[in-house]
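# Coordinate inspection notes
Chain by chain, the residues run as shown.
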Amino acid sequence: GPVSLLSRFHGALVAAVLGDCVGGEFEGAQDVPLERVLQHLSGLEDDTRGDGILQYSDDTAMMRCVAQSLLTRMGFDEQDMARSFAKEYSLAPGRGYGAGVIQVLRKLASPQLSDVFQPARAQFGGRGSFGNGGAMRAAPFALAFRNAADVKKYARFGAMLTHSCSLGYNGAVLQALAVYLSLQGELSLPQKFINRLICEMEEVEKDETARSDAKVLNLDEFPFCARLHRVKELMEQNSVSIEEVISELGNGIAALESVPTAIFCVLHCLEPREGLPEHYGGLERTIAYSLALGGDTDTIACMAGAIAGAHYGISAIPQSWLISCEGAEEAKHLAERLYKLHIMQ
Ligand code: 8NA
Ligand code: MG
Ligand code: MG
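Quick caveat, the model's predicted, so the values are computed rather than measured.

### Brief notes about the overall build of the protein
- When helices and strands are counted, the protein shows 18 helices and 0 strands.
- The C-alpha radius of gyration of the protein comes to 18 Å, within 12% of the 20 Å expected for a compact globule of 345 residues.
- C-alpha extents for the protein along the principal axes are approximately 55 × 45 × 40 Å.
- Expressed as a percentage of its 345 residues, the buried residues of the protein come to 59%.
- Considering only contacts in the protein between residues 6 or more positions apart, those separated by 24 or more positions represent 75%.
- Looking at the protein as shown, the accessible area adds up to about 14100 Å², and 49% of this sits on carbon and sulfur atoms.
- Computing the positive centroid from 30 side-chain charges and the negative centroid from 43, the protein places the two 8 Å apart.

What follows is the structure in structure tokens.
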């Protein structure tokens, strides 16, 4: 039957945590055979293994901060969100944060800091980070705000607290938009969905800073749009190899090499695919496929999970997978509270 909006909200945040937790196993591996992925996932069905055995990483830790801050401030408050990131990092620094972002999180802890966007701007010789750390935590923005303009605006500011390079924060905008459209059921028309994202990103990448960053980094003129066009081309192909996806879209820690990839994973897995178990539904296929790409698996599966979860709803997540993940219950609770904030507006 039709998926309720509450189920989509639950699905978005819980499947993001799921992707992070199951993806941790393969993070950084360049060759991940599908067999190993399926083994890892079927291992979760063994209920003697206990609850919450798969720990979440920086992706979920920061996503929780975003959700909590949006809830307590009933909207975006950069001071509060920055403090929340800093506090989370100081309490649990071992969650696998990116090598550069750690410096930002330490500076954000200083009570003397007045401009909370300043530490991010100082990264990488003043160019700012283009990592996917802004995108990996962007889903709650899609749940909190009712219209696309606000989702874009606040996902961008939220990312800029750690990622001041346009490639970093525009990745967060794209991820938040993908979750937003998915929550509205737009994935039932995949062509329309990808066209809409291209259209939105054309507007976003027109920006002067975006164009000069792209030039300096020797990228396409509209880098995210170019990748989304490649997603579209891959969607039209009868058969696509893992190698082709990696070489066309990437599987790395840069937002540009992981956000369009996550979107492709969701689109590709809307239908049954060779090599994936027949009893798998779309959400299970999406998670498994994301892991099989290797590279930044926790983050790609986290982002693909958020988009897929918003489409299929929480009931598409196998109970055994869900209970294996640390923080899944908490994510469900946060989604519930964001739902109330959303419908109240
Ligand atoms: P970040 O801002 O430190 O960026 C990640 C990395 O990207 C940096 O450490 C650099 O190597 C590179 N980078 C980013 N911007 C630039 C630039 N302007 N010039 C040159 N190099 C640059 O951290 P982040 O929050 O974006 O990172 C997110 C990723 O880190 C996620 O995959 C997350 O899971 C985590 N991660 C953890 C591990 C691990 O070992 N646990 C491995 C990879 C990534
Ligand atoms: Mg991580
Ligand atoms: Mg990662």
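Moving on, there is more to tell.
### A short note on helix 15 (residues 282-292)
- Counted residue by residue, helix 15 has 11 buried out of 11 residues, so it is predominantly covered.
- Looking at helix 15, one finds that the buried residues are Gly282, Leu283, Glu284, Arg285, Thr286, Ile287, Ala288, Tyr289, Ser290, Leu291 and Ala292.
- Where helix 15 is buried, its residues touch helix 1 (5-23), helix 2 (34-42), helix 13 (242-249), helix 14 (259-268), helix 16 (297-312) and helix 17 (319-324).
- Positive backbone phi, at 70°, marks Gly294, one or two positions downstream of helix 15.

### Thoughts on the confidence of the model for the protein
- Confidence in the prediction for the protein averages 97 pLDDT; 100% of positions are at 70 or higher.
- Interface confidence for the predicted complex, expressed as ipTM, amounts to 0.97; the pTM equals 0.98.

### A closer look at the coordination of the magnesium ion (ligand 3)
- Around the magnesium ion (ligand 3), the protein contributes the donor atoms Glu27 (OE), Asp296 (OD), Asp298 (OD) and Thr299 (OG1), which lie 2.0 to 2.4 Å from the metal centre.
- Bound by 6 donor atoms, the magnesium ion (ligand 3) shows angles of 75 to 170° at the metal and therefore octahedral coordination geometry.
- Within one chain, the residues donating to the magnesium ion (ligand 3) are spaced in sequence as E-x268-D-x1-D-T.
- Taken as a pair, the magnesium ion (ligand 3) and the magnesium ion (ligand 2) show a spacing of 3.6 Å, with Asp298 coordinating each metal. With Glu27 in the loop between helix 1 and helix 2 and Asp298 in helix 16, this pair connects stretches of sequence that are 271 residues apart.

### Notes on the coordination of the magnesium ion (ligand 2)
- In this structure, Ser57 (OG), Asp58 (OD), Asp59 (OD) and Asp298 (OD) serve as the protein donors to the magnesium ion (ligand 2), at separations of 2.1 to 2.3 Å.
- In this structure Ser57 comes out as buried when scored by relative accessible area, which is 12%.

### Here's the deal with the nonpolar core
- Core analysis: the biggest nonpolar cluster contains 124 residues, and Leu143, Val179 and Ile263 have the highest contact counts within it.
- For this core, the element with the highest residue contribution is helix 9 (residues 166-183), accounting for 12 residues.
- With residues up to four places along the chain from it excluded, the contact list for Ile263 reads Leu174, Ala178, Phe193, Ile194, Leu197, Leu228 and Ile307.

### Overview of the pattern of salt bridges
- According to the stated counting rule, one finds 9 salt bridges in the structure shown.
- Here Asp115 makes a salt bridge to Arg121, at a shortest N to O gap of 2.5 Å.
- A residue is classified by how much of its surface remains accessible, and Asp115, at 29% relative accessible area, is partly exposed.
- Residue Glu200 pairs with Arg196 through a salt bridge whose shortest N-O separation is 3.4 Å. Of this pair, Glu200 and Arg196 both sit in helix 10 (residues 190-205), separated by 4 residues, roughly a single helical turn.
- Here Glu200 falls in the buried class, since its relative accessible area comes to 14%.

### Concerning the site of ligand 1
- Taken together, the neighbourhood of ligand 1 is formed by 21 residues, with Asp58, Gly100, Ser129, His163 and Asp296 sitting nearest.
- Ser129 places a side-chain nitrogen or oxygen 2.6 Å from an oxygen atom of ligand 1.
- In the environment of ligand 1, an oxygen atom lies 2.9 Å from a nitrogen or oxygen atom belonging to the side chain of Thr299.
- Its residues assigned to classes, the shell around ligand 1 comprises 5 nonpolar, 10 polar and 6 charged.

How each quantity is defined
Residue numbers restart at each chain and count upward from 1, following the sequence in its written direction. Just so you know, chain letters begin at A and ligand numbers begin at 1, following the order they were written in. Since the coordinates come from a predicted model, pLDDT governs what is reported: local features require at least 70, and pairs of side-chain atoms require 80 or more to be given and counted, while whole-chain, interface and lining totals use all residues. Where side-chain values are given, they derive from all heavy atoms of the structure, hydrogens and water being excluded. Only DSSP runs of H or I with at least four residues qualify as helices, and only runs of E with at least two residues qualify as strands; both kinds are numbered from the N terminus onward. For a compact globule the rule gives 2.2 Å times the number of residues to the power 0.38, and the radius of gyration it is set against comes from C-alpha atoms. The cut-offs for exposure are 20% and 50% of the maximum accessible area for each residue type, with area from a 1.4 Å probe on protein chains only; residues under the lower value are buried, those over the upper are exposed, and the others partly exposed. Contact criterion: two residues are considered in contact whenever any of their non-hydrogen atoms come within 4.5 Å of each other. To measure how exposed things are, a 1.4 Å probe is used in the Shrake-Rupley method; for residues, cover is taken only from the protein chains shown. In this charge count, Lys and Arg are treated as positive and Asp and Glu as negative; neither His nor the chain ends contribute. A charge is said to be at NZ when it belongs to Lys, at CZ for Arg, at CG for Asp and at CD for Glu. Confidence of the predictor at the level of single residues is captured by pLDDT, which takes values from 0 to 100. With water excluded from the atoms, a metal site may look incomplete; its donors are any N, O or S atoms within 2.8 Å, or within 3.2 Å for Na, K and Ca. Irregular is the label for any site that misses the other tests, which are tetrahedral for four donors with all angles between 85 and 135 degrees, and square planar for four donors or octahedral for six when opposite donors exceed 155 degrees and the remaining angles lie between 65 and 115. Here, nonpolar core refers to any group of buried Ala, Val, Leu, Ile, Met, Phe, Trp, Tyr and Cys residues whose side-chain atoms link them within 4.5 Å. Here a salt bridge means any side-chain nitrogen of Lys or Arg lying within 4 Å of a carboxyl oxygen belonging to Asp or Glu. Only heavy atoms are used to decide nearness, and a residue is near a molecule or strand if one of them lies within 4 Å of it. For this analysis, a polar contact is any N or O atom pair within 3.5 Å, provided that within protein one partner can donate a hydrogen and the other can accept it, and provided that sequence-adjacent residues contribute only side-chain to side-chain pairs. Just so you know the grouping, Ala, Val, Leu, Ile, Met, Phe, Trp, Tyr, Cys and Pro go in nonpolar, Asp, Glu, Lys and Arg go in charged, and all remaining residues, Gly too, go in polar.

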